[in-house]
Amino acid sequence: MQTEPTKPTYEQCVRNFFAQLQAIHVDHLEQRWITISLLVIGLFVGIMTLDALFDGINPPSKVETIDSAKLHLSKEFAEDNLGVQVDDKGNVVVRMVAGRYSFFPKHIDVPAETPITLRWVSSDVLHGVHIPMTNMSTMIVPGYVAEITTTFPKPGEYPVLCNEYCGLGHNHMWSNISVIAKEDWKAPVKSAVKGGSNNE
Ligand code: CUA
């Protein structure tokens, strides 16, 4: 007569699991690589945690909202106010609108070796923006302002590419930035004639 096998308790399961784990033969070299990879993961998680806590480096998600259908009526992203500006504190701020299928303005000049705050909004659908060889890569979600501060180390021509599929013209959606040597760059003069306000 067969006896009914008793159901193992939770504790027994855990104990069995660890017993099986210990029984696995792990080669010495393998053990060393496991340790190295765990250390590398620990190092990266540590760097991210320190940056987030002490340098304020976070994903661009300040949750600043804007009405994408009324950009032309907003003070900040009205046509006159787009492009490069220098604010009262001397910070270079760039405002751009992404819309099918371009970035507006199409071309801007910015100084090298200077922190530049780029503020983007979408006038229609989801776009992305990527400037190769910089940390400038973000989604531009309709209804939200995407903000990234970046520094261009060297003068040159940088492409600005859309990296979120936004429709049939997606692969033609690009723009470019001329990065000019710091000493040669002149802050754009805001014309008072247009009547656009400089500050929001
Ligand atoms: Cu805009 Cu793809």
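This one's a predicted model, so the numbers in the text were calculated from it and none came from an experiment.

Peer 1: Before we move on, could you go through the overall build of the chain and cite the residues and values that matter?
Peer 2: Within the chain, the regular secondary structure consists of two helices and 10 strands. From first element to last, N terminus to C terminus, the chain shows the α and β order α-α-β-β-β-β-β-β-β-β-β-β. Every one of the 200 residues in the chain was classed for burial, and the buried ones make up 17%. For the chain, contacts bridging at least 24 residues in sequence account for 61% of all contacts bridging at least 6.

Peer 1: Let's hear about the environment of serine 123: which residues, and what values?
Peer 2: Relative to the assigned elements, serine 123 resides in the loop between strand 5 (115–122) and strand 6 (127–130). Here the alpha-carbon distance between serine 123 and leucine 71, two residues 52 residues apart in the chain, equals 7.0 Å. Each residue touching serine 123, except ones within four places of it in the same chain, is listed here: Ser68, Leu71, Val97 and Gly99.

Peer 1: I'd like a rundown of helix 1 (residues 10–23), residues and numbers included.
Peer 2: Between its first and last C-alpha, helix 1 extends 20 Å over 14 residues, near the 20 Å set by a 1.5 Å rise per residue. Burial analysis of helix 1 places just zero of its 14 residues in the buried class, a small minority of the element.

Peer 1: So what's going on with unusual backbone geometry? Which residues, and what values?
Peer 2: Here the residue pair arginine 100 and tyrosine 101 is connected by a cis peptide bond, since its omega of 0° sits within 30 degrees of zero. Relative to the helices and strands, tyrosine 101 resides in the loop between strand 2 (92–99) and strand 3 (102–104). The omega torsion across phenylalanine 104 and proline 105 is -5°, close enough to zero to call that bond cis. Within the secondary structure, proline 105 sits in the loop between strand 3 and strand 4 (107–111). Although it is not a glycine, glutamate 113 sits at a positive phi angle of roughly 50°. Following the sequence through the fold, glutamate 113 ends up in the loop between strand 4 and strand 5.

Peer 1: Residue-level account of the nonpolar core, with values.
Peer 2: In this structure, Met96, Val97, Ala98, Val110, Trp120 and Val129 are the most contacted members of the largest nonpolar core, which totals 26 residues. Sorting the residues of this core by element identifies strand 2, strand 4, strand 5 and strand 10 (174–180) as the ones contributing at least two each. Here this core takes four residues from strand 5, the largest share from any one element. With near-sequence residues (within four places) excluded, methionine 96 lies in contact with Leu82, Phe103, Phe104, Pro105, Leu118 and Trp120.

Peer 1: Break down the environment of asparagine 135 for me, citing the residues and quoting the values.
Peer 2: Mapped onto the elements of the fold, asparagine 135 is located in the loop between strand 6 and strand 7 (137–140). Judged by the 11 C-beta atoms lying within 10 Å of it, asparagine 135 is exposed. For asparagine 135 and phenylalanine 152, which are 17 residues apart along the polypeptide, the C-alpha to C-alpha distance reads 9.5 Å.

Peer 1: Just give me the short version of the pairing of strand 10, but keep the residues and values in it.
Peer 2: The alternating pattern of strand 10 places Ser175, Ile177 and Val179 on a buried face and Trp174, Asn176, Ser178 and Ile180 on a face that is not buried. Where strand 4 and strand 10 come together, five bridges link them in parallel fashion. Residue pairing in the sheet places proline 111 in a bridge with isoleucine 180 of strand 10.

Peer 1: How would you sum up the confidence of the model for the chain? Please name residues and give values.
Peer 2: Per-residue confidence for the chain gives a mean pLDDT of 85, with 89% of residues at or over 70. Long-range and interchain partners of residues 192–200, a stretch whose pLDDT sits below 50, account for nine contacts in this model, where long-range means more than four residues apart.

Peer 1: Could you give an account of helix 2 (residues 28–55), naming the residues involved and the relevant values?
Peer 2: With 28 residues, helix 2 ought to run about 40 Å at 1.5 Å a step, and its terminal C-alpha atoms sit 39 Å apart, in line with that. The buried fraction of helix 2 is low, at zero of 28 residues.

Calculation rules
- Residues numbered from 1 in each chain as written.
- Predicted model: local features only at pLDDT ≥ 70, side-chain atom pairs only at ≥ 80, totals over all residues.
- Helix = DSSP H or I, 4+ residues; strand = E, 2+ residues; numbered from the N terminus.
- Buried ≥ 20, exposed ≤ 12 C-beta atoms within 10 Å, placed from the backbone.
- Contact = placed C-beta atoms within 7 Å.
- Expected span 1.5 Å × (residues − 1).
- Core = buried A, V, L, I, M, F, W, Y, C linked by C-beta atoms within 7 Å.
- Pairing = 2+ DSSP bridges.
- pLDDT = per-residue confidence, 0-100.

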